[in-house]
Structure formats: structure tokens, C-alpha cells
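# Coordinate analysis (summary)
Chain by chain, the residues run as shown.
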Amino acid sequence: MVEGKTMKKSENLIELRHIKKCFDGNTVVTEDFNLEVKKGEFVTFLGPSGCGKTTILRMIGGFEIPTSGEILLNGEDISVLPPNKRPINTVFQKYALFPHLNVYDNIAFGLKLKKLAKREQDEKVRHALEIVDLEGFEKRSIHTLSGGQQQRIAIARAIVNEPELLLLDEPLSALDYKMRKEMQLELKNMHKKLGITFIFVTHDQEEALTMSDKIVVMADGEIQQIGTPEEIYNEPSNLFVADFIGESNIFKGRMVDKKKASFCGAVFDCVDDYEMGTVVDVVVRPEDIEITAVGRGQIQGKILSSDFKGTFYIVFVRSGKNEIEIHSLKNYPIGTTVGLYIAPDLIHLIPYDNSINHYEGVLGAYSEEKGLSVEFEDFSWEVKPEQIFPDATLSGGSLTGKNGQPIRTEGIRIEASFQPSVAQLSDDAKAGVVQGKIISFLYVGDHYRYTVRSKSEEDYVVDDEDLWNQEDFVSILIPQEKVTYRIIPIKSNDFI
Ligand code: ATP
């Protein structure tokens, strides 16, 4: 037992424990970030702009201090240690080389500060240049180098100090496509040669898939999934990951039998299995759908479009109400009716996320004239007493429970929940009960699924057929009668 624990400790170079980071007391980047990075790993933080990748990296590098939580390096807490006291070096997006110094002096800068003997400096600079494949560049001045060469010098400058950990903050984003591809492979090779730990930040999913041992997919300051590139691509743990990594068709489905799911109007054999009746989100990659002769696939549809993309065609097929994207090696004339076949092991099922659209509210006092109201963080509305107390009866203007005792509704905490499909979006701020900004959306077969964030930072998930834009300010219509309620039981420590 103790032995196992000791082993685990020594395997991790970095551990982030319950990291919370706020800026200016109100911008909360992350609430509770936990991560372990093993020695020698190539770990990539991947996520959309603003999700907190750079902030986490900067905390590891010592350029930001966590609001709370611990950063351990080899088991020692380094959370408040200044950057130069950490065995960590960072390569930034902008190369930040000294333009007036030549390549040698740029790379040797840190070594000179450490007052290393000239011979030792020469040897270390030569070795660093060898790693980045720029042997003999010592005397070149910075302005004679291409962007890719400058970035390599920046990397050489970081590795010459022999750090245990190299942090790379979007180091390739300023390079053109071809150079970027080349540098991706070179960085991977450098990682192998050096044998040290790399943490790399990018918002480019292809880059993350190509380079990493482990990908940490982030959204909104939270880890969505940690896994190898194959795991992240083939087994996305939620719809955000499925949508963010690669192209996906997402359909709404339901388990109808053992390893059988119904979606797109047909029943498909699957490998994943959930209890019968479970609502699932079905993820199918466009390259995993085979276009067949009519009658040979599980479903059929009509070709809507077919566009050549260099090595394959992007084909859209309408099947019932669904628009399905397929990557096909063959071209198909628009309007052709075709069959579509999906092999069981290429259908990925994600159980519907039951945690969405749950909101806590507090009941007011009941009266015959005013009825029963419930106050939520964002809005309040009237509910029918029987929606919350199905066994209650109304007598003498008050609510009476099954046991004949009057029910005191005031202060009772309840949880309201609704399905995304019952709500609707409107651009009329007064039309809905709550207003907010669209922070993300997905295309789910025949409609869009929007996440709207209110002023009080509550998220509402709404299915809507219309196309809205990210950042649109919308109001949400929630039909009161479609909402289900549950009384939140009182915990014993509520009275303490
Ligand atoms: P990008 O890919 O665009 O660089 P990111 O995922 O790296 O994005 P961060 O740069 O970590 O995201 O930013 C996360 C959030 O923290 C953003 O809302 C950003 O505006 C905010 N933020 C970052 N640095 C500061 C700062 N010094 N002061 C206030 N807010 C900050």
C-alpha cells in the first residue's frame, strides 16, 4: 500500500491540486483544476480561446500565482516560487529574442547569468543548436533568420538551461502552414531526444492529435477529458469533445434493446450498451459512414452536396430530417438516393447528460389569491401547488398534506429541471423568462443545441432549429408546464 503510494509520487513531475484562479477578484478562470503530468510525457492543453490554457501554463511556470490550491513539482509545493527558481523554461508564442544579440548570445544569455565557464557555455550552445537542427548558426544575427528558425532559437534558448519541464505556449501559431507541420514533427523529435517533460498549449486540434502522448481537453476552465489522442478521438466523453475534436455527426437516440440504439429513424446494432430506454447522444465520424446501394445500409437518403477536398469528398446526405456529413473517396451526383451503412463499432454512444438544466429555487408562502411562487437565481414564476406537492389538497385556503397537516411552503428549496427540447430562443428580450448570451452551440442531426449563459453565470441548454450565432443575446422561453420539480431534502447540517 505504502509502496504503491511512493511509486505514484515519483512518477508525477507536476501535480495541480484544487487550483482556483481569479483575476481582479471577479474573473474566475478555473474553480477546481486537478491534473497530474508524468515525467517525460508530452502533454497538450487543448481548448477554445479563453478557456484558461495559458493561465494554467503560466501558473506552472510561475508567472501567475494560484488564488488557492497547490502546484507540486516532484512532490514539493512550488505554487509561490518565482519563475527563475523553478527548473522550468517557457517558450512563448512571440519568440521574444533579443534582436541586437546574435544567435549565440541569445542562447547563452541564461548561462552567462549563471556565470558558467566559456568552454562549458560553448558546448551547451552547440548541443542546443544541434537539438533544434541549426548547427553552425552561432554567429548569425536574429534578423537574418526565418520565422521558423527564430522559433527554433527560442526553443534552443529554453532547453540550454536543461529544464525538467518545458512549457510551450502556442509556439507554432505565427508560422505558415508548411513550416508549422515541419516544426510539429521536429518538436516531437526534440522531445524524444531530450527525454524531458513538455506541456504544450494549442487551440489547434490537429496539432494536438499529431504531437501529444496525452491531451487535456479544456472548456471554460474545466477539464472535459484527459486521454491519448486515440482515446479523445474515438471515445469522446461528452458532446463538447466530440464536436471540438475532428468532425462529428451527432444524433439524438435511445437504447431500444441490448446493444441496440434507435436514431435517424432506424435501429442500429452497437458495441456500447446502456439500459433500455436510456436517452443517448450518438456520435458518428463522417469517415465512418459508408455510402452503399439503396437497401443495403441501415438508412437511406438523398445526396445534397458533394465537394472535393483534395483527398476525399465531403458529401452531405439528407435522411428524414437529418443532414448527415460523410467523407467519401467517391463522388456522387446531387439528388441520387443512396443507402448509408454504419458498422456497430463506429457508433459511439454518450448517455444524455442528466445534469444539464437543473436550477435551484426557493418557494414563497402559498395563498389562495397569490398562488405559489418560486424564486430562482435568474427569475421567478408561479407554479401550480400540485406540481410540487402532488398529494396535497386545498382546504380552507391553505395546502394540506396527506397526513392532514398544513404545508408551510415558504423557504422550501426545490430543484426545477427541463429538457433542452421543450425550451426555445427568442431575440425579443421580453419574450422569455431569462436572458443571456450564447456561449456555444452544436449541430445535432436535425437541430442546434445552444448553451446560453445568463448574467448570474447560470447555463441553460436549449435545442432550437434556427441558426443563431455565438455571442448572440437571446431570451429563453421555458414552458412552465413542461418543467419538473423535486423538493430538495433538508440536510441535518442545514440547521447548524
Ligand atoms: P487563448 O487561446 O485565446 O490564448 P486561453 O485558453 O489561453 O485563450 P487564457 O489566456 O488563459 O485563455 O484566459 C482565460 C480567461 O482569463 C480569459 O477570460 C481572459 O480574458 C482572462 N485573463 C487572462 N489573463 C488575465 C489577466 N491578467 N487579467 C484579467 N483577466 C485575465
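Cut-offs applied
Residues numbered from 1 in each chain as written. Predicted model: local features only at pLDDT ≥ 70, side-chain atom pairs only at ≥ 80, totals over all residues. Heavy atoms only, no water. Pairing = 2+ DSSP bridges. Helix = DSSP H or I, 4+ residues; strand = E, 2+ residues; numbered from the N terminus. Axes fitted to C-alpha atoms, helices over the stretch in contact; angles between N-to-C directions. Expected span 1.5 Å × (residues − 1). Buried < 20%, exposed > 50% of the residue type's maximum accessible area, 1.4 Å probe, protein only. Contact = heavy atoms within 4.5 Å. 1 Å grid on protein atoms, 1.4 Å probe; cavity = no way out; pocket = protein on both sides within 12 Å on 5 of 7 lines; lining within 4 Å. Points joined across faces, edges and corners; volume = space filled by probe spheres on them. Nonpolar A, V, L, I, M, F, W, Y, C, P; charged D, E, K, R; others polar. Parallel < 35°, antiparallel > 145°, perpendicular 65-115°, else oblique. Left-handed = near helix turned anticlockwise from the far one by under 90°. Phe/Tyr/Trp six-rings, centres within 6.5 Å; stacked < 30°, edge-to-face > 60°. Near = heavy atom within 4 Å. Polar contact = N/O pair within 3.5 Å; in protein donor to acceptor, adjacent residues only side chain to side chain. Areas by Shrake-Rupley, 256 points an atom, 1.4 Å probe, with all protein chains shown as cover. Core = buried A, V, L, I, M, F, W, Y, C linked by side-chain atoms within 4.5 Å.

Hydrogen bonds between backbone groups are what pair the strands of a sheet, and the pairing can be parallel or antiparallel. Judged by pairing direction, the sheet is mixed, and its six strands sit side by side in the order 6-7-8-3-9-10 without closing on themselves. Edge strands, defined here as strands with exactly one partner in the open sheet, are strand 6 (88-91) and strand 10 (222-227). Put simply, the sheet's adjacent strands are angled 20° from each other on average, direction ignored. With four bridges connecting them, strand 3 (residues 42-46) and strand 9 (residues 214-219) associate as parallel partners. Note on strand 9: the bridge partner recorded for Leu46 is Val217.

With that out of the way, let us pick up helix 5 (residues 147-159). With 13 residues, helix 5 ought to run about 18 Å at 1.5 Å a step, and its terminal C-alpha atoms sit 19 Å apart, in line with that. Across the 13 residues of helix 5, twelve count as buried, placing the element largely inside the fold. Looking only at helix 5, the buried set comprises Gly148, Gln149, Gln150, Gln151, Arg152, Ile153, Ala154, Ile155, Ala156, Arg157, Ala158 and Ile159. In the core, the buried residues of helix 5 are packed alongside strand 6, helix 3 (103-113), helix 4 (118-131), strand 7 (165-169) and helix 6 (177-194).

Glancing now at empty space enclosed by the protein. This model, assessed by the stated rule, comprises one cavity of 30 Å³ or more. Space inside the largest cavity adds up to approximately 40 Å³. Lining the largest cavity, in full, are Tyr359, Phe376, Phe379, Trp381, Ala416, Phe418, Ile478 and Val483. For the lining of the largest cavity, the class distribution of residues is eight nonpolar, no polar and no charged.

Walk down a regular strand and you will see the side chains alternate between the two sheet faces. Bridge count between strand 27 (residues 424-426) and strand 31 (residues 473-477): three bridges; the pairing is antiparallel. Within strand 31, the position partnered with Gln424 by the bridge is Leu477. Sheet topology places strand 28 (residues 434-444) next to strand 31; four bridges connect them, and they run antiparallel. Across the sheet, residue Val434 finds its bridge partner in strand 31, namely Ile476.

Once that is clear, we can look at the packing of helix 3 against helix 5. Packed helix pairs are characterised by how far apart their axes lie and by the angle those axes make with each other. Where helix 3 contacts helix 5, the axes come no closer than 7 Å and their chain directions differ by 30°. Considered as vectors, helix 3 and helix 5 are oriented roughly parallel to each other. For the pair helix 3 and helix 5, the sense of crossing is right-handed. Each of Val103, Asn106 and Ile107 in helix 3 lies in contact with helix 5, whose residues at this interface are Ile153, Ala156 and Arg157. Considered class by class, the residues forming the contact of helix 3 with helix 5 number four nonpolar, one polar and one charged.

With that settled, consider the packing of aromatic side chains. Tallying each qualifying case throughout the model produces 17 aromatic pairs. Between Phe376 and Trp381, the aromatic rings sit 6.3 Å apart at their centres with planes inclined by 85°, giving edge-to-face as the arrangement. Looking at Phe376, the relative accessible area reads 7%, which means it is buried. Ring geometry for Phe379 against Trp381: centres 5.0 Å apart, planes inclined by 70°, an arrangement best described as edge-to-face.

The geometry of helix 5 relative to helix 6 is characterised by a closest axis approach of 11 Å and an angle of 20° between their N-to-C directions. Here helix 5 lies roughly parallel to helix 6, going by the angle between them. Here helix 5 runs over helix 6; the crossing is right-handed. Across from Gly148, Arg152, Ile155 and Ile159 in helix 5, the residues of helix 6 making contact are Met179, Glu182, Met183, Glu186, Leu187, Met190 and Leu194. Tallied by class, residues from the contact of helix 5 with helix 6 come to seven nonpolar, one polar and three charged.

The subject of this paragraph is the site of the ligand. Around the ligand sit Phe23, Asp24, Val29, Pro48, Ser49, Gly50, Cys51, Gly52, Lys53, Thr54, Thr55 and Glu170, and that is every residue in its neighbourhood. One nitrogen or oxygen atom from the main chain of Gly50 is found 2.7 Å from an oxygen atom belonging to the ligand. Here an oxygen atom of the ligand sits 2.5 Å away from a polar atom, N or O, in the side chain of Thr55. When the ligand is considered free in solution it has 630 Å² of accessible area, and contact with the protein chains removes 60% of it. Top contributing element to the shell around the ligand by residue count: helix 2 (residues 53-61), with three residues. The class makeup of the residues in the shell around the ligand is four nonpolar, five polar and three charged.

Approximately 630 Å³ is the volume found for the second largest pocket. The wall of the second largest pocket is formed by 25 residues, among which Asn89, Thr90, Gly110, Arg157 and Asn161 lie closest to the centre. Looking at side-chain class alone, the lining of the second largest pocket contains 15 nonpolar, six polar and four charged residues.

For the rest of this paragraph, the subject is the nonpolar core. Counting residues in hydrophobic clusters, the biggest one holds 35 residues, and the most contacted among them are Ile107, Leu129 and Leu187. If one sorts the elements of this core by residue count, helix 5 sits on top with six residues. Setting aside residues no more than four positions away along its own chain, Leu129 makes contact with Val103, Ile107, Leu134, Glu135, Phe137, Glu138 and Ile153.

Turning our attention to the environment of Glu410. Mapping Glu410 onto the fold places it in the loop between strand 25 (398-400) and strand 26 (413-417). Sequence separation between Glu410 and Ser373 is 37 residues, and the spatial gap between their C-alpha atoms is 9.3 Å. Setting aside anything within four residues of it in sequence, one finds Glu410 in contact with Leu363, Gly364 and Ala365.

In short, the description is geometric, and any link to function would need to be established separately.
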